[in-house]
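Residue strings, one per chain:
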Amino acid sequence: MQSIIGILIILGCVFGAFVFHGGALSMIWQPVELVIIVGAGAGALVLGNPGHVLSELWLQVRKVMLRKKPGEDFQRQLLLLMYELLQTAAGGLKALDAHVEAPHESALFKRYPLILEEPKLLHFIVDNFRLMAMGKINAHELEGVLEQEIEAIHEELMQPAKSLAKIGEAMPGFGILAAVLGIVMTMNVVADGAAIGEIAVRVGAAMVGTFIGIFMCYGLLDPISMMMKQLVAEEMQALESVKVVLCTHVAGKPPLLAIDAGRRLVQLNIKPSFAVLEGWIDKMQNAGDPDATPQRRAGDKRVEA
């Protein structure tokens with residue numbers, strides 16, 4: 001919603017000021033110029049990127065325009081899911097297999113729908129719990145493996161934003177291209193003896209191409225590519241949080257301390273305190289008995305100062 005509001009502000013200020021100054025929107029509406037510029041940009045995007053990058057680009061643009069930013073509820077579900085999986089992993093490989101082999105059918109995962117809606121995060125969790133459950137890997141080795149995987153994911157997810165930014169940088173050039181073609185057509189009518197008024201209209205129409213190219217670069221594509229980078233950063237933060245939880249657990253720390261290590265990587269404005277995290281876990285554990293007093297599991301005893 002914020003993205004749509006931002007676009008409306010840009011359009012309102014640019015075109016509203018133009019109309020207020022005495023201009024007519026019909027002067028800017030030049031379909032041929034628009035087809036040249038947008039078509040050249042879209043063609044360059046298709047030419048310069050493989051299919052999976054274009055698919056990811058479309059997905060990220062949709063998320064930027066329509067989605068809500070992950071809030072406290074998302075972080076709560078992620079941390080509690082990790083806690084339950086760590087508790088389940090203590091029961092052995094078979095107990096964990098029942099959930100990680102088919103997460104969309106698992107009763108445990110179904111309690112956390114916001115995580116199920118994030119396929120990249122879900123696959124990262126499931127794959128690495130399988131790896132951890134196999135054993136024979138220490139915390140240092142696991143950290144190295146996860147860092148390499150996260151780096152590869154980050155590089156792949158950043159490619160759409162980089163490609164869109166490049167196209168945005170090319171838009172003023174495509175605008176000049178459309179303007180030059182318009183001037184060429186104007187010269188043809190000059191040669192045919194056109195009136196000064198007609199020539200002025202055609203030159204103005206040609207200059208609209210330059211305006212469209214610059215506007216699309218700095219008013220639309222550059223901000224959208226920046227928002228896509230921020231979207232990727234949010235997704236990477238969730239992966240980093242999961243990585244820290246797994247590495248801390250493999251290092252021998254109890255589940256509560258492992259989850260707290262992941263909590264520390266949460267974005268500052270939505271990061272829960274340690275007390276809030278404990279409250280979430282206590283509420284989850286005592287959900288079946290409303291009269292029960294909050295207690296930690298045996299493996300989660302508080303570390304005394």
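Throughout what follows, the structure given in this document is the object of discussion. None of these values were measured; they are calculated from a predicted model.

Another aspect to go through is helix α10 (residues 139-191). Over its 53 residues, α10 extends 78 Å from the first C-alpha to the last, a length consistent with the 78 Å expected when each residue adds 1.5 Å. A bend of about 35° at Met171 is the largest found in α10, and the proline Pro172 appears one to four places after it. Where α10 begins, the side chain of Asn138 points an oxygen toward the backbone nitrogen of His140, at a separation of 3.1 Å. Just past α10, the residue Gly193 takes up positive phi, approximately 85°.

Let's shift gears to the pattern of salt bridges. Should their charged atoms come close, side chains of opposite charge can pair. Using the criterion set out here, one finds 13 salt bridges in the structure. The salt bridge partner of Arg111 is Glu84, with a shortest N-O separation of 2.6 Å. Within this pair, whereas Arg111 is found in the loop between α7 (107-110) and α8 (113-116), its partner Glu84 is found in helix α5 (residues 72-89), the two being separated by 27 residues in sequence. Here Glu240 makes a salt bridge to Lys243, at a shortest N to O gap of 3.2 Å. Pair noted here: Glu240 and Lys243 are both in helix α11 (residues 196-250), with a separation of 3 residues, about one helical turn. A network of salt bridges, in which partner residues are shared, links Lys63, Glu118 and Glu235.

Next up on the list: the packing of aromatic side chains. Under the defined criterion, the tally for this structure stands at 3 aromatic pairs. Arranged with centres 5.9 Å apart and planes meeting at 90°, the rings of Phe15 and Phe211 form a pair that is edge-to-face. Of the two residues, Phe15 is situated in helix α1 (residues 2-20) and Phe211 in helix α11; the sequence distance between them amounts to 196 residues. You can call Phe211 partly exposed: its relative accessible area is 30%. Ring centres of Phe211 and Phe215 lie 5.8 Å apart, and the angle between their planes is 25°; on these two criteria the pair is classed as stacked. Taken together, the residues Phe211 and Phe215, both in helix α11 and 4 residues apart, mark about one turn of the helix. Of the residues examined, Phe215 reaches a relative accessible area of 13% and is grouped as buried.

Rules used throughout
Residues numbered from 1 in each chain as written. Predicted model: local features only at pLDDT ≥ 70, side-chain atom pairs only at ≥ 80, totals over all residues. Heavy atoms only, no water. Helix = DSSP H or I, 4+ residues; strand = E, 2+ residues; numbered from the N terminus. Expected span 1.5 Å × (residues − 1). Bend = angle between axes of the 7 residues up to and from the residue. Polar contact = N/O pair within 3.5 Å; in protein donor to acceptor, adjacent residues only side chain to side chain. Salt bridge = Lys/Arg side-chain N within 4 Å of Asp/Glu carboxyl O. Phe/Tyr/Trp six-rings, centres within 6.5 Å; stacked < 30°, edge-to-face > 60°. Buried < 20%, exposed > 50% of the residue type's maximum accessible area, 1.4 Å probe, protein only.

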